[in-house]
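Structure at a glance
Residues per chain, in single letters:
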Amino acid sequence: MIYDYIVVGAGPAGCVCAGELKKRNYSVCVLEKQRPDYRKVCGDGISHVCLQTLRSIGFPVEAFEDAGAVRIRKYIHYINGRLYTDRIGEHHKEAYGLARNRTDSVFRKVLLDDAGVPVFYGMDAGEIKNTGQGYEVCGLRTEKIILAAGASARIRIDGREVLRPDPDSPAGISAVIRAKRSGEPFFMFDYREEYGGTYGWIFSTGDGEYNAGLWLRSDKASLRAGLAQFLELRGREYLGDGWEWISRPRGAVMGIGKRRICPDDSVIFIGDAANTSNPKDGEGISAAVKDALDFVSRLQ
């Protein structure tokens, strides 16, 4: 079988793209390097903007709550030490905090499994071959490739690297924490001049569970020390004393350089692989979803 499209990466961008292609009667499959229950340590927040976008394509956003998501009650922003809060429920908005592995499982069930899109796990698509009439990857053939594998992926086509992390992009570090403090679930962002336009964050993701991390545009060697300082300040304030690691800090790059697309449109980059994420607003998942929808909307 030769697919119309093979999507590399079963995260939000890849799932939305594959699901929408299937609706339009394209033959499509998805390759995912990780196991189904793999948990990234970032992307544990699903914003109101993201939920609105998903509702526009008929996605049952209540499935996130069914998967254990907590409904966020307020946004907390610090801008150079000054505090701003927004009780989003009072404005008829909704947002969720949910561990990324559960978030991705909802995307995959609704957009891939329920739609009948084949998903192949444990498939490293790092080497892609141009056959002259399409592409071959992991023993499968396709007319076109969609790279939705994230900013950290290393992918080569005919030996030429096409995804490479951009050294000028922000780098981040993220961890999952268990804390005894309870209260209203929240998203907290802390913007400071030394972060160079990025931020530190703490998100509620479940009962007594939080995601915490930090992006830095410069002085990236100090990421771990910066996260420790951030948690000493905001962690003590919002998590209390005695919190512990569920998943210790791990790093990630933010972008892969300039947005890429082949001249003949046979290789398409979406989501983090297209560097569409914005480190200033925490809308990584919604940017990925919108990017996938934007691509599919341009098809004849």
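Details of the structure are given in the entry above.
An account of the accompanying structure is given in this report. Fair warning: this is a prediction, and the values are worked out from it, not measured in the lab. (Residues numbered from 1 in each chain as written. Predicted model: local features only at pLDDT ≥ 70, side-chain atom pairs only at ≥ 80, totals over all residues. Heavy atoms only, no water.)

Considering the overall build of the protein chain
When helices and strands are tallied, the protein chain shows six helices and 19 strands. For 300 residues, the compact-globule estimate of 2.2 N^0.38 gives 19 Å, and the C-alpha radius of gyration of the protein chain, at 19 Å, lies within 12% of that figure. C-alpha extents for the protein chain along the principal axes are approximately 60 × 40 × 30 Å. The long-range fraction of contacts in the protein chain, counting pairs at least 24 apart against all pairs at least 6 apart in sequence, stands at 71%. Carbon and sulfur atoms make up 47% of the accessible area of the protein chain, which amounts to about 13900 Å² in all. In the protein chain, the 42 positive side-chain charges and the 40 negative ones have mean positions that sit 2 Å from each other. (Helix = DSSP H or I, 4+ residues; strand = E, 2+ residues; numbered from the N terminus. Rg over C-alpha atoms; globule rule 2.2 N^0.38 Å. Contact = heavy atoms within 4.5 Å. Areas by Shrake-Rupley, 256 points an atom, 1.4 Å probe, with all protein chains shown as cover. Lys, Arg positive; Asp, Glu negative; His and termini not counted. Charge placed at Lys NZ, Arg CZ, Asp CG, Glu CD.)

Regarding the sheet that holds strand β18 (residues 244–253)
Reading across from one edge, β6-β5-β15-β16-β17-β14-β18 is the order of the seven strands in this open sheet, with mixed pairing throughout. Of all strands in the sheet, those bounded by a partner on one side alone are β6 (82–86) and β18. This sheet shows a mean twist of 15 degrees between the axes of neighbouring strands, independent of strand direction. In this structure, strand β15 (residues 186–191) lies alongside strand β16 (residues 200–206), joined through four bridges in antiparallel fashion. What sits directly across from F187, in β16, is F203. Docked against the sheet, helix α5 (residues 223–239) engages β5 (74–79), β6, β14 (171–178), β15, β16, β17 (209–216) and β18, running at close to 140 degrees with respect to β17. (Pairing = 2+ DSSP bridges. Axes fitted to C-alpha atoms, helices over the stretch in contact; angles between N-to-C directions.)

Section: the side chain of R100
Along the polypeptide, R100 turns up in helix α4 (residues 100–113). When residues no more than four places from it in sequence are discounted, the contact partners of R100 are G11, P12, R39, K40, C42, G43 and D44.

Describing the sheet that holds strand β3 (residues 45–46)
What the three strands build is an open sheet, ordered β3-β7-β4; its pairing is antiparallel. Unpaired on one side and paired on the other, β3 and β4 (70–71) mark the two borders of the sheet. The pairing of β4 with strand β7 (residues 96–97) spans two bridges and is classified as antiparallel. Bridged to V70 within β7 is G97.

Quick look at the packing of helix α1 (residues 12–23) against helix α6 (residues 284–297)
It is at 8 Å that the axes of α1 and α6 come closest, and there the two elements cross at 30 degrees. Taken together, the axes of α1 and α6 lie roughly parallel to each other. Remark: the crossing between α1 and α6 carries right-handed chirality. The segment α1 lies against α6, with P12, A13, V16, C17, E20 and L21 engaging I285, A288, V289, A292, L293, F295 and V296. (Parallel < 35°, antiparallel > 145°, perpendicular 65-115°, else oblique. Left-handed = near helix turned anticlockwise from the far one by under 90°.)

Focus on the pattern of salt bridges
Tallied over the full model, the rule gives 24 salt bridges. With a closest N to O distance of 3.3 Å, E62 and R55 form a salt bridge. Owing to a relative accessible area of 38%, E62 belongs among the partly exposed residues under this scheme. The partner of E232 in a salt bridge is R236, and the shortest N-O contact between them spans 2.8 Å. Remark: R236 and E232 occur in helix α5; sequence separation between them is four residues, near one turn of the helix. Bridged by salt links that share partners, the residues R55, E62, E65, R71 and E94 form one connected network. (Salt bridge = Lys/Arg side-chain N within 4 Å of Asp/Glu carboxyl O. Buried < 20%, exposed > 50% of the residue type's maximum accessible area, 1.4 Å probe, protein only.)

Side note on the environment of G206
Topologically, G206 is positioned in strand β16. On the basis of relative accessibility, which here comes to 18%, the residue G206 falls in the buried class.

Some remarks on α6
For an α-helix, 3.6 residues make a turn, and residues three or four places apart therefore share a direction. Helix length check: α6, at 14 residues, gives a terminal C-alpha distance of 20 Å against a target of 20 Å (1.5 Å per residue), a fit within 8%. The element α6 is largely enclosed, with a buried count of 10 among its 14 residues. Within the sequence span of α6, burial applies to I285, S286, A287, A288, V289, D291, A292, L293, F295 and V296. (Expected span 1.5 Å × (residues − 1).)

A few points about the pairing of strand β9 (residues 127–130)
Judged from the two bridges that link them, β9 and strand β12 (residues 155–157) form a sheet pairing that is parallel. Bridge pairing links E127 to R156 in β12. Relative to strand β10 (residues 135–137), β9 runs antiparallel, the two being bridged by two bridges. In the strand pairing of β10, K129 is matched with E136. With antiparallel pairing between neighbouring strands as the criterion, β9 and β10 make up a hairpin whose turn holds four residues, including G132 at a positive phi of roughly 90 degrees.

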